[in-house]
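Residue-level listing of the chains:
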There are 2 protein chains.
Amino acid sequence: MSLRHAILALLTVEPMTGYDLFKHFESSVGYVWHAPDSQLYPMLRRMEDEGLVDGEEVSWGQRGKKRRYTATAAGIAEFRQWMNTPLEYTRERDPIHLKAAYFEWAEPESARAQMLAHRDHFAERLAQWQLKVHEIDTGTSPMLTKRLASIPAEEHAATVAFKRFTYEGMIAHAQQEIEWAERGLALIDQLAH
Amino acid sequence: MSLRHAILALLTVEPMTGYDLFKHFESSVGYVWHAPDSQLYPMLRRMEDEGLVDGEEVSWGQRGKKRRYTATAAGIAEFRQWMNTPLEYTRERDPIHLKAAYFEWAEPESARAQMLAHRDHFAERLAQWQLKVHEIDTGTSPMLTKRLASIPAEEHAATVAFKRFTYEGMIAHAQQEIEWAERGLALIDQLAH
């Protein structure tokens, strides 16, 4: 259950409203950890109850108000503890590989469409992740720029390097899935003849 | 929700008890789709209620009884329909990549241990999947042998090819995750000096 940790990761940079967080979950951190707003707002309320974040009302527009959240010391400690705790690995649950193992049951045109959709899904992700690496390399990521401004200069290299390393891994995975889908398309064509 | 489809895939070969299915979910199909027995038995009962499988009491050992399940025509139709339905892709929720993006918050020794665990997790999976490909190539997979015996000879090539293609994709993914973990270990060492 990493949503709370993804939220805390973002709040280590600066206080944010639920809407600010939602925007980040639609881009930056959302390319690694997706959270729909139906989960985000209840989680923020629960984290406030648990003392991991502090909420305060701030003005929004002419007469509106929004709740802005700050990570508390307890929240920072929770994030750091999670960062130092080994993950539990779950075993595979991979629907497209489950399907591919039984593609002889599908219509060739349907198997073909599913491999195309797999390729397109990862091609889209690949483009997003390549853009993130480009932003890192050119210093044009607004969130990373803010983060670097908030930490000592001697921590900059590691902060940048781990972000780039993460996206590199996701890029390599996307490229591997695209290659696999293309081999699947070739195999389906070959078996259909 | 693909557990029911993974169950139906196995039952297209022959009738099986819950225990037979459990064993397959610990090996063969379990290397693609894992299901703990806490989910398997309730799902079988639900699928029987829905008419997707037929259950019958069979003798087990000296005095015991077990319930053995057969895919019904409705179950086969459900499986075939699922095979022809495009998947919904979910966006990323990848805890180790979420963590890696913030590894500067972890103790170097902890980050190192987590990358080693990631490498070991996929090294173990890699060995399993390579063994499956070896079984396919040498005709020594008991389940695949049974399946081939139950279908016309002209369908053998596709049945074997799609199985191999599936495991090849999982092997390529495992190799990519192992390489990524090794680059992470090198990066952690480099930043710690």
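Treat the numbers as computed from the prediction; the structure is a model and nothing was measured. (Residues numbered from 1 in each chain as written. Chains lettered and ligands numbered in written order. Predicted model: local features only at pLDDT ≥ 70, side-chain atom pairs only at ≥ 80, totals over all residues. Heavy atoms only, no water.)

Per the secondary structure count, chain A includes 8 helices and 3 strands. Counted from the first residue to the last, chain A has its helices and strands arranged as α-β-α-α-β-β-α-α-α-α-α. With respect to the principal axes defined by its C-alpha atoms, chain A has extents near 65 × 40 × 35 Å. When contacts within chain A are restricted to residue pairs at least 6 apart in sequence, long-range pairs at least 24 apart make up 59% of them. Of the roughly 9,300 Å² of accessible surface on chain A, 52% is carried by carbon and sulfur atoms. Of the charged side chains in chain A, 22 are positive and 28 negative, and the gap between their average positions amounts to 5 Å. (Helix = DSSP H or I, 4+ residues; strand = E, 2+ residues; numbered from the N terminus. Contact = heavy atoms within 4.5 Å. Areas by Shrake-Rupley, 256 points an atom, 1.4 Å probe, with all protein chains shown as cover. Lys, Arg positive; Asp, Glu negative; His and termini not counted. Charge placed at Lys NZ, Arg CZ, Asp CG, Glu CD.)

On to the pairing of strand β2 (residues 53–60) of chain A, then. Residues and elements named next belong to chain A. Relative to strand β3 (residues 64–71), β2 is paired through 8 bridges, and the arrangement is antiparallel. Opposite Val58, over in β3, you have Lys66 as the bridge partner. Count of turn residues in the β2/β3 antiparallel hairpin: 3 residues, of which Gly61 carries a positive phi of about 70 degrees. (Pairing = 2+ DSSP bridges.)

Moving on, we come to the sheet that holds β3(A). Across a sheet, strands are paired by hydrogen bonds formed along the backbone, either parallel or antiparallel in direction. Residue and element names in this part refer to chain A. The 3 strands are arranged β1-β3-β2 in an open sheet whose pairing can be described as antiparallel. At either end of the open sheet lies a strand with only one pairing partner, and these are β1 (16–17) and β2. Taken together, the 2 bridges between β1 and β3 define a ladder with antiparallel strand orientation. Each bridged residue has a counterpart across the sheet, and for Met16 the counterpart in β3 is Tyr69.

Residues and elements named next belong to chain A. Parsing chain A into structural domains produces domain 1 (3–83) and domain 2 (95–192). Centre-to-centre, using C-alpha coordinates, domain 1 lies 26 Å away from domain 2. Of the residues lining the interface, 10 residues belong to domain 1; the matching set on domain 2 comes to 9 residues. Both faces considered, domain 1 and domain 2 share a buried interface measuring about 870 Å² in area, 63% of it formed by carbon and sulfur atoms. (Domains from an automatic or database assignment. Buried area = accessible area lost by both parts, 1.4 Å probe.)

In this structure's numbering, the residues bearing the UniProt feature "domain: Transcription regulator PadR N-terminal" (unreviewed entry) are residues 7–80 of chain A. Overall, residues 7–80 of chain A shows 47% helix and 24% strand. The separation of its end C-alpha atoms is 13 Å. (UniProt positions renumbered as here; feature names shortened; annotations may be inferred.)

Residue and element names in this part refer to chain B. Regarding helix α7 (residues 142–149), the residues found buried are Met143, Leu144, Arg147 and Leu148. Each buried residue of α7 lies within a common arc of 130 degrees when the element is viewed along its axis, so the set occupies one face. Along α7, exposed side chains directed more than 90 degrees from the buried face belong to Pro142 and Ala149. (Buried < 20%, exposed > 50% of the residue type's maximum accessible area, 1.4 Å probe, protein only. Arc of directions from axis to C-beta.)

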